[in-house]
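Take a look at the letters that make up each chain.
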Amino acid sequence: MTDPVPRARQIAEAHRHLDGPVLPVLHAVQAEFGHIPAETLPEIAHVLDLSRAELHGVVTFYPDFRTAPAGRYLLRVCRGEACQAMGGAELGEALRRALSVDWHETTADGVVTLEPVYCLGLCSCAPAATINGVPRGRAGAEALLAELEK
Amino acid sequence: MTLTLYLPRDTAALALGAEAVALRIEQEASRRGIGLNLVRTGSRGMVWLEPLLEVSREGVRTGFGPLEEDDVGLLFENDFTDHPKALGAIGDIPFFARQTRLTFARCGVIDPLDLDAYRAHGGLSGLARAQAMTPMEIVEEIIQSGLRGRGGAGFPAGIKWRTTLETNAPSKVIVANADEGDSGTFADRMLMEGDPFALLEGMTIAGRAVGADRGFIYLRSEYTNANRILKDAINVFSDHVLTDIGFSIELRLGAGAYVCGEETALLNSLEGKRGTVRPKPPLPAIAGFLGRPTVVNNVLTLAAVPHILADGAPGYAAHGTVRSRGTVAVQIGGNVRYGGLFETGFGISLGELVTDIGGGTATGRPIKAVQLGGPLGAYFPPALFDTRLDYEECTAAGGLLGHAGIVVHDDSADMARLARFAMEFCAVESCGTCTPCRIGAVRGIETIDRMIAGDPQAAPLLADLCEVMREGSLCALGGFAPYPVESALKHFPADFNGHRTAAE
């Protein structure tokens, strides 16, 4: 695997010309490593001329940026009102029970990470979820779990 | 002879199995030796019919849906005529026939990345007209159209543009706010996936009107499909339309923070900072992105612009009510039988939308309440269903129109749980800058829990807290979170009586 630090430097340098490069850089680093490795932060901060504190503040402000890798499957379940109106809360409950995790946690075998999301824009086919970004409408716990087992 | 079929690749269609249907169509065509042109469109917005396949018969698009992959064989067998899932002409489906499609005229009709099809369906004629006008003439046209901000605030778009036009600066910026985070809303997503050129054309016209040289689209990261389509659309548009226009468009992704839909938090995020809210003044129109004069408009505000320029302001202003002109893209979701996007002139009643057009609940049970305008919008009981969709009328009824999302709940809904959720959502998403929102939301959860537990002192405390949040918060997140809470309490006091167990 690529050493994250020099690669993060490359990514930061490639985006440095942008107005407001921080989020594009963090997205690119996460796309490559699945999370933002802690050791890359001083390097990114240096290239973008930020203090480490400023960059830490940005990384921790946004829910998307993870400081540890997710499981092989990232299961995101909508908690918005439209999904609640169609049993979304019960769906979330059933998945947490079946996977023995709470929100934001990864199963003991490291396979599935369960995350809440506040709206996927699928409010007319609620409840909604995504598995590694693939959208599922009128989602049921059984069907989602079956997909994870494949 | 080539067979041309139209199938959406809108996220809702994908979520309901469009890819499996597409794959089966390709297999069937190849097995039968039929040349296939499968056009991937946006969605018509009739989500209960997705995946909705269309074929053109003597110039009329007829549809089949909701399709499953096993329906495909018979479609080929019967040469796309008789089929248990046949819907007839799309334009005759009541949900569709009753709409006034101006902003969404092309959505679901054309390949969103086909610039020739865009042009053939009226695209770019607004920009052509704008290029022959002075900036002030364009601004006047938008003012005359009565177009107001579709993101929720309802501020007149032309006035905002005039402020930026009249501010002298070496560089100005157009920002499309595509951080559509409100639950119950998906019109921006549908437009970006189904007709992205309309947004790009609107931004370009806005750029010409105010003298901006750069445009940004700030898209929420949850919209991965819109991200892919917009990226491609920007490339096509830049290579073929923006070549000799001094305007460029860049796509930027958010990172999961709801508050970045607020325009000043969005600007901070775009600059690479934490998405915290800025005090106003200065107005972004005068000092926004990196201090430059910046027009921040919702996707639908900008996407309405090409049509207004092409057809003229009077035509657009003829739709709607006295102070809410033009069309509104209503999104009907939650527990509803016929859910989807319904574009119509302002002034339609809530009741007509949810019971008549939406067909009532999906579960078949009575409607208990609808939430209008996203997670910070008020709950309306059926007694208020004669409220018309109009910025002022919704406010007068104790709510807000917001981005015109309607979420339907049946009679099993626990309004205390939903009120608690509104505070919980505010607590999770608060940017932390102002105390009423940061602390108030947490105290709100606790106080609602006390009410549910039967504490008689909790109700006056909650009323007081809501007032502090409403009057003292820096932005609409903390300022509007009391709407769902107080409306739920006002219309459904029995749900807070302590008989029910606390949620979670």
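This one's a predicted model, so the numbers in the text were calculated from it and none came from an experiment.

Visitor: Explain the packing of helix 6 (residues 88–99) of chain A against helix 7 (residues 141–149) of chain A here, please?
Guide: When two helices pack together, you describe them by how their axes are tilted relative to each other and by the distance separating the axes. All names here are of chain A. Running from N to C, helix 6 and helix 7 point in directions that differ by 40°, and their axes come no closer than 10 Å. One element, helix 6, and the other, helix 7, form an angle in the oblique class. Where helix 6 crosses over helix 7, the handedness of that crossing is right-handed. Every residue of helix 7 that contacts helix 6 at Leu91, Ala94, Leu95, Ala98 and Leu99 is listed here: Ala141, Leu144 and Leu145. The residue makeup of the contact of helix 6 with helix 7, split by class, is eight nonpolar, no polar and no charged.

Visitor: Explain the environment of glycine 34 of chain A to me, please; I cannot follow it from the model alone.
Guide: All names here are of chain A. Looking at the secondary structure, you find glycine 34 in the loop between helix 2 (22–33) and helix 3 (41–48). Owing to a relative accessible area of 33%, glycine 34 belongs among the partly exposed residues under this scheme. Along the primary structure glycine 34 and proline 63 are separated by 29 residues, whereas in three dimensions their C-alpha atoms are 14 Å apart. Leaving out residues up to four positions away in the same chain, glycine 34 has contacts with Val29, Arg66, Pro69 and Ala70.

Visitor: Just to check I follow, could you spell out the nonpolar core for this structure?
Guide: If you look at soluble globular proteins, the nonpolar side chains tend to sit buried side by side. With 71 residues, the main nonpolar core has Leu26 and Tyr62 of chain A as its most contacted residues. At nine residues, the largest contribution of residues to this core is made by helix 17 (residues 415–429) of chain B. The contact partners of leucine 26 of chain A, leaving out residues within four places of it in the chain, are Ile36, Ile44, Leu55, Val58, Val59 and Phe65 of chain A. Ranked by size, the runner-up nonpolar core spans 68 residues in total, among them Leu124, Leu147, Ile174 and Ile217 of chain B.

Visitor: Before we go on, may I ask you to explain the domain arrangement of chain A in this structure?
Guide: Where interface size is given, it is often the accessible area lost as the parts come together that is meant. Partitioning chain A into domains gives domain 1 (4–61) and domain 2 (73–148). Between the C-alpha centres of domain 1 of chain A and domain 2 of chain A there is a distance of 30 Å.

Visitor: Please explain the UniProt feature "binding site: [2Fe-2S] cluster" (unreviewed entry) in chain A as it appears in this structure.
Guide: Residue and element names in this part refer to chain A. UniProt marks Cys78, Cys83, Cys119 and Cys123 with the feature "binding site: [2Fe-2S] cluster" (unreviewed entry), using the numbering shown here. Across 46 residues, the annotated set stays spatially compact, with a maximum C-alpha separation of 9.6 Å. Here cysteine 78 lies in strand 1 (residues 73–78). On the accessibility criterion, cysteine 78 (3% relative accessible area) is buried.

Visitor: Even after reading the chapter, I still don't get the side chain of glutamate 429 of chain B, so can you show me in this structure?
Guide: Of note, glutamate 429 of chain B is situated in helix 17. Salt bridges are absent for the buried glutamate 429 of chain B, whose nearest opposite-charge side chain, arginine 220 of chain B, sits at 7.7 Å. Glutamate 429 of chain B has contacts with Tyr118 of chain A together with Gly256, Ala257, Tyr258, Val259 and Leu477 of chain B, leaving out every residue within four places of it along the chain.

Visitor: I keep staring at the sheet that holds strand 3 (residues 53–57) of chain B and nothing clicks. Help me out?
Guide: All names here are of chain B. Judged by pairing direction, the sheet is mixed, and its five strands sit side by side in the order 2-1-3-4-5 without closing on themselves. Each edge of the open sheet carries a strand with a single partner, namely strand 2 (35–41) and strand 5 (86–89). Here the strands of the sheet are splayed against their neighbours by 25° on average, with no regard to which way each runs. Sheet analysis places strand 4 (residues 60–64) next to strand 5, joined by three bridges and oriented antiparallel. Across the sheet, glycine 63 pairs through a bridge with glycine 88, a residue of strand 5. Where helix 2 (residues 18–31) meets the sheet, its contacts fall on strand 1 (2–8), strand 2 and strand 3, and the angle it forms with strand 2 comes to roughly 165°.

Visitor: Teacher, can you tell me more about the packing of helix 9 (residues 187–194) of chain B against helix 13 (residues 299–311) of chain B here?
Guide: Residue and element names in this part refer to chain B. Where helix 9 meets helix 13, the axes come as close as 9 Å, and the angle between the chain directions of the two elements is 45°. By the angle between their axes, helix 9 is oblique relative to helix 13. For the element pair helix 9 and helix 13, the recorded crossing hand is left-handed. Contacts from Ala187, Asp188, Leu191 and Met192 in helix 9 reach Val299, Leu300 and Ala303 in helix 13. Of the residues that constitute the contact of helix 9 with helix 13, the class distribution is six nonpolar, no polar and one charged.

Visitor: Where do I start with the domain arrangement of chain B in this structure?
Guide: Residue and element names in this part refer to chain B. Domain parsing of chain B yields domain 1 (2–97), domain 2 (115–317), domain 3 (327–410) and domain 4 (415–496). For domain 3 versus domain 4, the separation of C-alpha centres amounts to 22 Å. Contacts between domain 3 and domain 4 engage 14 residues on the former and 15 residues on the latter. The junction of domain 3 with domain 4 conceals about 1,200 Å² of combined surface from both sides, 77% of it contributed by carbon and sulfur atoms.

Rules and cut-offs
- Residues numbered from 1 in each chain as written.
- Chains lettered and ligands numbered in written order.
- Predicted model: local features only at pLDDT ≥ 70, side-chain atom pairs only at ≥ 80, totals over all residues.
- Heavy atoms only, no water.
- Axes fitted to C-alpha atoms, helices over the stretch in contact; angles between N-to-C directions.
- Helix = DSSP H or I, 4+ residues; strand = E, 2+ residues; numbered from the N terminus.
- Parallel < 35°, antiparallel > 145°, perpendicular 65-115°, else oblique.
- Left-handed = near helix turned anticlockwise from the far one by under 90°.
- Contact = heavy atoms within 4.5 Å.
- Nonpolar A, V, L, I, M, F, W, Y, C, P; charged D, E, K, R; others polar.
- Buried < 20%, exposed > 50% of the residue type's maximum accessible area, 1.4 Å probe, protein only.
- Core = buried A, V, L, I, M, F, W, Y, C linked by side-chain atoms within 4.5 Å.
- Domains from an automatic or database assignment.
- UniProt positions renumbered as here; feature names shortened; annotations may be inferred.
- Lys, Arg positive; Asp, Glu negative; His and termini not counted.
- Salt bridge = Lys/Arg side-chain N within 4 Å of Asp/Glu carboxyl O.
- Pairing = 2+ DSSP bridges.
- Buried area = accessible area lost by both parts, 1.4 Å probe.

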